[in-house]
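# Inside the fold
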Amino acid sequence: AATCPCGKLCANRELSTQEAPPVALFLTETKGWGVKATRSISQGELVIEYVGEVIDEGTWEERKRSLSRYQHMYFMALNPYEIVDASRKGNVARFINHSCSPNLQVEKW
């Protein structure tokens, strides 16, 4: 960003200058909501920022216990002590499905 002392070398530049993410939310026939690409995505390209509330392990355990087994969970571990809960404050990234053969990777910035 213009106010960053790193200037054009700022590591957050992609997030601050990215237009709409190249993804769209859609309802599947049997698995609920999903996300699909709206255009070709190059290897190494930023697709979307996974956002949510960063919570500690204790809060995560409490929230898990409060959910029924049929409710969806949108948790992603940053490390053993911090979890991103995208349930309440997330975006469409929470609907990107996990896979045994993933074609995206998560990076902590």
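For the structure, check the block above.
As defined by bridge partners, strand S4 (residues 75-79) adjoins strand S5 (residues 82-85) across four bridges and the pair is classed as antiparallel. Its bridge partner being in S5, Met-76 is matched across the sheet by Val-84. Linkage of S4 to S5, two consecutive antiparallel strands, is achieved through a turn of two residues.

The subject of this paragraph is the layout of surface pockets. The computed volume of the largest pocket comes to approximately 1,800 Å³. Residue lining of the largest pocket: 46 residues in total, with Tyr-50, Ala-93, Ile-96, Leu-104 and Val-106 positioned closest to the centre. Elements with a contribution of two residues or more to the lining of the largest pocket: helix H1 (13-17), strand S2 (33-37) and S4. Here the residues of the lining of the largest pocket are counted per class, giving 26 nonpolar, 12 polar and eight charged.

Definitions and cut-offs
- Residues numbered from 1 in each chain as written.
- Predicted model: local features only at pLDDT ≥ 70, side-chain atom pairs only at ≥ 80, totals over all residues.
- Heavy atoms only, no water.
- Pairing = 2+ DSSP bridges.
- Helix = DSSP H or I, 4+ residues; strand = E, 2+ residues; numbered from the N terminus.
- 1 Å grid on protein atoms, 1.4 Å probe; cavity = no way out; pocket = protein on both sides within 12 Å on 5 of 7 lines; lining within 4 Å.
- Points joined across faces, edges and corners; volume = space filled by probe spheres on them.
- Nonpolar A, V, L, I, M, F, W, Y, C, P; charged D, E, K, R; others polar.

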